[in-house]
Amino acid sequence: MEQVKTINSGIHIKYLRDYFSGIADHQSGDDYFCGQVLIRLLPLDDQVHGTIALPRTEIVFSGTADDVERQIYKYRMAFLSAGG
């Protein structure tokens, strides 16, 4: 069954592009194809808090339910920071 899930990320898009370029079978612009999953990076306006601008990117995962969940898990593990 087809599933679409979205993550609003605060990670700078250049790091997301590097990560998804490294795991993608192929890509077209900010669309990355990883097996049966299409991953789209959609840049959003920065969230501004006083003098601090936080980057925002919407990441859309589309594909079969199991494959989408697997790619989301891999993404989260790649950017999870424990104490660092």
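Here the structure is a predicted model, which is why all the values come from computation and not from measurement.

(A) Broad picture of the sheet that holds strand 5 (residues 52–64). Judged by pairing direction, the sheet is antiparallel, and its 5 strands sit side by side in the order 1-5-4-3-2 without closing on themselves. Single-partner strands in this sheet number two, and they are strand 1 (2–9) and strand 2 (26–28). For this sheet, the mean angle separating the axes of adjacent strands, direction not counted, is 20°. Its contacts with the sheet place helix 2 (residues 65–79) against strand 1, strand 3 (31–34), strand 4 (37–49) and strand 5, and it is angled at close to 150° to strand 5.

(B) The arrangement of helix 1 (residues 13–23) in detail. Looking at helix 1, one finds that the buried residues are I13, L16, Y19 and F20. All buried residues of helix 1 fall inside an arc of 125° around its axis, so they share one side. In this structure, helix 1 carries D18 and G22 as exposed residues pointing more than 90 degrees from its buried face. Contact partners of the buried residues in helix 1: strand 1, strand 3, strand 4, strand 5 and helix 2.

(C) Up close: the pattern of salt bridges. A complete count under the given rule lists 4 salt bridges for this structure. Between D30 and R17 there is a salt bridge, and its shortest N-O distance comes to 2.9 Å. In this pair, D30 sits in the loop between strand 2 and strand 3 while R17 sits in helix 1, placing the two residues 13 residues apart along the sequence. For R17, a relative accessible area of 32% gives the class partly exposed. Ionic pairing is found between D31 and R40, a salt bridge with its closest N-O pair at 2.9 Å. Judged by its relative accessible area of 16%, D31 falls in the buried class.

(D) Inspection of the packing of aromatic side chains at higher detail. Per the stated rule, a full pass over the model turns up 7 aromatic pairs. For the pair Y19 and F20, a centre-to-centre distance of 4.9 Å together with 70° between the ring planes defines the contact as edge-to-face. F20 shares its class with Y19; the two are buried. Measuring from ring centre to ring centre gives 5.9 Å for F20 and Y32, while their planes differ by 40°; the resulting arrangement is tilted. Taken together, the residues F20 in helix 1 and Y32 in strand 3 connect sequence positions 12 residues apart. Y32 carries the same exposure label as F20, and that label is buried. Within the aromatic cluster, the residues linked to one another by ring pairs are Y19, F20, Y32, F61, Y75 and F79.

Cut-offs used in this document
Residue positions are counted from 1 within each chain, in the order its sequence is given. Given that this is a predicted model, residues contribute local features only at a pLDDT of at least 70 and side-chain atom pairs are listed and counted only at 80 or more, while totals for whole chains, interfaces and linings are drawn from all residues. Heavy atoms throughout the structure, all of them, feed into the side-chain values; hydrogens and water do not. A pair of strands is considered paired only if DSSP assigns at least 2 bridges between the two. Secondary structure follows DSSP: runs of H or I at least 4 residues long count as helices, runs of E at least 2 residues long count as strands, and numbering of each begins at the N terminus. Inter-axis angles, ranging from 0 to 180 degrees, are taken between N-to-C directions of lines fitted to C-alpha atoms, where helices are fitted over the stretch in contact. The contact criterion used throughout is that any non-hydrogen atoms of two residues lie within 4.5 Å. Only protein chains enter the area calculation, which uses a 1.4 Å probe; residues under 20% of their type maximum are buried, those over 50% are exposed, and those in between are partly exposed. By arc we mean the arc of the directions from the helix axis to the C-beta atoms, nothing more. We count a salt bridge whenever a side-chain nitrogen from Lys or Arg sits within 4 Å of a carboxyl oxygen from Asp or Glu. To pair, rings of Phe, Tyr and Trp, with the six-membered ring standing in for Trp, must have centres within 6.5 Å; the planes then decide the type, stacked if under 30 degrees apart, edge-to-face if over 60, and tilted in the middle.

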